[in-house]
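# Notes for the structure review
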Amino acid sequence: MRYFGHIVHAMVGVTVVFTFGCTSAYVGPRAGVAITLQGGEETGAVSSSSNGLGFTYGVTAGAGFNKTLGVQIDPNFRTASTSQTVEYNTRQSGEVFRVTATANTVATIFEVPLMLTSRKVVSETIRSMFGIGAHMGFRTGLDGEVTGSAVGVSAGVDGQEVQLPTTSVSAGSDDSILMGITAMAAGDIVLSDAWSLRGSLMFQHDFMTDIMSAYAFGGSSGPVVSVEYPLTRIMINVSLLFGL
């Protein structure tokens, strides 16, 4: 965690240095949604899985070297969710049951993209911007829940259904670094001399990732499954920016 903190401070420092002598600078809050395009690698006997819609909120700050080129940093918190279903047989008191269980996991990730940007004035009220760069992040928290039921399949319990007790999982921060590439396309609507409204589309892909969650189903008698953080996503953001 300390290592990542040094990286964040360095990235912020680079942005501050670039701001001096620049033609313009801006800062403001942003929020949006994250749509998963590719999930992370799974291990274990997973019968089906899906990734849910994530949410993101943070700050956008940037500065221009000249009227065309600039730099932008976007520290933000992002949620990633996944749902996995596992089916397996287990034996209790000599009888065989078919278990169907689902693990739902939501992770919160702190992330810092840093991009080189290119902008263009389309009209007095509309500006376009494109950017490309890298991002780093780490998990700040995780919540998970395992639910399921078992149906008897052997002669003595055939058709009998038993609800399994719900198991909850919670975890704090993790210093495993997530790292990848970020590309952005954005459009600004100028509201006044100082304020503008921005809509942006960000594409992100992680080259360095880690295990998002791992669950043991049914104790020692059940399988263990795991899943990585989703690798590829599109984020749709709205920002309110103040020009410095």
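Now for a quick tour of the structure. (Residues numbered from 1 in each chain as written. Predicted model: local features only at pLDDT ≥ 70, side-chain atom pairs only at ≥ 80, totals over all residues. Heavy atoms only, no water.)

## With respect to the overall build of the protein
- Helix and strand content of the protein: one helix and 15 strands.
- Entry remark: accessible area of the protein is about 12,100 Å², with carbon and sulfur atoms responsible for 62%. (Helix = DSSP H or I, 4+ residues; strand = E, 2+ residues; numbered from the N terminus. Areas by Shrake-Rupley, 256 points an atom, 1.4 Å probe, with all protein chains shown as cover.)

## Things to note about the pattern of salt bridges
- In this structure the tally under the stated criterion is six salt bridges.
- Of the charged contacts in the structure, one is a salt bridge between Arg 98 and Glu 87, with a shortest N-O distance of 3.7 Å. Taken together, the positions of Arg 98 in strand 7 (residues 95–121) and Glu 87 in strand 6 (residues 76–92) put the pair 11 residues apart, joining distant regions of the chain.
- Accessibility expressed as a relative area gives 34% for Arg 98, which makes it partly exposed.
- Exposure remark for Glu 87: the relative accessible area of 37% places this residue in the partly exposed category. (Salt bridge = Lys/Arg side-chain N within 4 Å of Asp/Glu carboxyl O. Buried < 20%, exposed > 50% of the residue type's maximum accessible area, 1.4 Å probe, protein only.)

## Observations regarding the side chain of Thr 60
- Checked against the element boundaries, Thr 60 lands in strand 4 (residues 54–64).
- Given the relative accessible area of 2%, Thr 60 is considered buried.
- A polar contact is formed between the side chain of Thr 60 and the side chain of Arg 30, at a distance of 3.5 Å.
- Here the side chain of Thr 60 touches Asp 74 through a polar contact of 2.7 Å, side chain to side chain.
- Every residue in contact with Thr 60, bar those within four places of it in the chain, is listed here: Tyr 26, Val 27, Gly 28, Arg 30, Gln 72, Ile 73, Asp 74, Arg 198, Ser 239 and Leu 241. (Polar contact = N/O pair within 3.5 Å; in protein donor to acceptor, adjacent residues only side chain to side chain. Contact = heavy atoms within 4.5 Å.)

## A short note on the packing of aromatic side chains
- Counting across every chain of the model gives four aromatic pairs.
- Note on Trp 195 and Phe 242: the rings are 5.0 Å apart at their centroids and 55° apart in plane angle, and the pair reads as tilted. Placement of the pair is Trp 195 in strand 12 (residues 195–208) and Phe 242 in strand 15 (residues 232–243), with a sequence separation of 47 residues.
- Overall, Trp 195 belongs to the partly exposed group, its relative accessible area being 38%. (Phe/Tyr/Trp six-rings, centres within 6.5 Å; stacked < 30°, edge-to-face > 60°.)

## Here we look at the nonpolar core
- Grouped together as the largest cluster of nonpolar side chains are 12 residues: Val 86, Tyr 88, Phe 97, Val 99, Ala 101, Ala 103, Val 146, Ala 150, Val 157, Tyr 215, Phe 217 and Val 225.
- Elements with a minimum of two residues in this core: strand 6, strand 7 and strand 8 (126–152).
- Per-element accounting of this core gives the leading share, four residues, to strand 7.
- What Tyr 215 contacts, discounting residues up to four positions off in sequence, is Ala 103, Asn 104, Thr 105, Gly 144, Glu 145, Val 146, Val 169, Pro 223, Val 224 and Val 225.
- Counting residues in hydrophobic clusters, the runner-up holds nine residues, among them Met 184, Ala 186, Met 202 and Leu 241. (Core = buried A, V, L, I, M, F, W, Y, C linked by side-chain atoms within 4.5 Å.)

## So, the layout of surface pockets
- For the largest pocket, the calculated volume is near 420 Å³.
- Taken together, 22 residues form the lining of the largest pocket, with Ser 24, Tyr 26, Arg 119, Arg 127 and Asp 188 sitting closest to its centre.
- Residue assignment for the lining of the largest pocket shows that the elements contributing at least two residues are strand 1 (24–38), strand 7, strand 8, strand 11 (174–190), strand 12 and strand 15.
- For the lining of the largest pocket, a count of residues per class yields 10 nonpolar, five polar and seven charged.
- Here the second largest pocket defines a volume of roughly 290 Å³.
- Along the wall of the second largest pocket there are 20 residues; nearest its centre are Tyr 88, Leu 164, Pro 165, Phe 217 and Gly 218.
- Residue assignment for the lining of the second largest pocket shows that the elements contributing at least two residues are strand 6, strand 7, strand 8, strand 10 (167–171) and strand 13 (211–216).
- A total of four residues in the lining of the second largest pocket trace back to one element, the largest contributor, which is strand 8.
- Looking at the lining of the second largest pocket residue by residue, the class counts come to 13 nonpolar, seven polar and no charged. (1 Å grid on protein atoms, 1.4 Å probe; cavity = no way out; pocket = protein on both sides within 12 Å on 5 of 7 lines; lining within 4 Å. Points joined across faces, edges and corners; volume = space filled by probe spheres on them. Nonpolar A, V, L, I, M, F, W, Y, C, P; charged D, E, K, R; others polar.)

## Brief notes about empty space enclosed by the protein
- Per the counting criterion, the structure on display carries two cavities of 30 Å³ or more.
- By volume, the largest cavity is sized at about 50 Å³.
- Along its surface, the largest cavity is lined by Ala 34, Thr 36, Gly 52, Gly 54, Arg 78, Thr 79, Ala 80, Ser 81, Pro 230 and Arg 233.
- Only strand 1 and strand 6 provide two or more residues apiece to the lining of the largest cavity.

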